[in-house]
Amino acid sequence: MPPAAAIAAVAVLGLAVGSFLNVCIHRLPKKLSIVWPASRCPSCERPLAWFENVPLLSYAALGGRCRTCRAPISIRYPMVEAITASVFVLQYLAVGPTPLLAARLVFMSALIVLFAIDLEHQLLPNAITLPGIVCGLAFALVLPPGLIDALLGAVLGGGILFAIAEGYYRIRGEDGMGMGDVKMLAMIGAFLGWKLMLLTLILGSFAGSFVGMLILATRRGTMRAALPFGTFLAIGAAIASLVGDRVIAWYVGLYM
């Protein structure tokens, strides 16, 4: 397949997957089935026709409103579809048409769902993180980073955040981090290995600190404001999966 056609095919796949991820993002926090019933308007509950489910195009054609009740449709829907397509293409460009691509696309799909749900609900569903750990380890049996690195990544990822959360609780007497973050970083370690997991933690922490300082500087919150750390971990993991090996090689080269 010519490169342009392959990229287009991956983008179309990303749009289709993004449409399904929207279902997960909408239903998982409500503990609803992601396979039944069929997609419907969140306002009037009318089942959607097939032509109302075409990624990006349906939203534009309908003007961002339900065809029946004219209730506004969240901009999140086309955004998730576009982001998923873009991330899929970036992963294809990074690893090419290799078996590793399948693992990375599964990983990106999980990250997108966790990113959106944590951003809106401050929740990281076990329905994503726990199967994600298993999938990451299963892929590692035959793909990079390899089973040993993946096991170390999962154990260290979960262990580091658990130790931080436990220490914060013992010192302050209150929860400073949810167990969802612990399980999410374990999932990231299972997919990326321990080195890229640590890079993810660093990138996510920097991103969270930067946003926290902006909130303080603009007086839109206080030091006690809760930040969706899983959202920042998702961003860090996506970056690490694309350029993490080069970043680590550059850093190690500084001391060689």
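**A closer look at helix α8 (residues 229-253)**
- Helix length check: α8 (25 residues) gives 30 Å between terminal C-alpha atoms against 36 Å at 1.5 Å per residue, more than 12% under.
- The largest bend along α8 measures about 75° and falls at V243.
- Of all the residues in α8, the buried ones are F229, G230, T231, F232, L233, A234, G236, A237, A240, S241 and G244.
- Each element contacted by the buried residues of α8 is listed here: α3 (76-95), α4 (99-121), α6 (147-172) and α7 (179-217).

**Some words on the pattern of salt bridges**
- Counted according to the given criterion, the structure contains three salt bridges.
- Between R46 and E52 there is a salt bridge whose closest N-O contact spans 2.7 Å. With respect to class, R46 is no different from E52; both count as buried.
- Through salt bridges with shared partners, a single ionic network connects R46, E52 and R67.

**Here's the deal with unusual backbone geometry**
- A cis geometry characterises the amide bond from W36 onward to P37, with omega recorded as 0°.
- Cis rather than trans, the peptide bond between P144 and P145 has omega equal to 10°.
- Here P145 shows up in the loop between α5 (126-140) and α6.
- The phi dihedral of E45 falls on the positive side, at around 65°, and the residue is not glycine.
- Counting through the fold element by element, E45 comes out in the loop between α1 (3-27) and α2 (57-61).

Cut-offs applied
- Residues numbered from 1 in each chain as written.
- Predicted model: local features only at pLDDT ≥ 70, side-chain atom pairs only at ≥ 80, totals over all residues.
- Heavy atoms only, no water.
- Helix = DSSP H or I, 4+ residues; strand = E, 2+ residues; numbered from the N terminus.
- Expected span 1.5 Å × (residues − 1).
- Bend = angle between axes of the 7 residues up to and from the residue.
- Buried < 20%, exposed > 50% of the residue type's maximum accessible area, 1.4 Å probe, protein only.
- Contact = heavy atoms within 4.5 Å.
- Salt bridge = Lys/Arg side-chain N within 4 Å of Asp/Glu carboxyl O.

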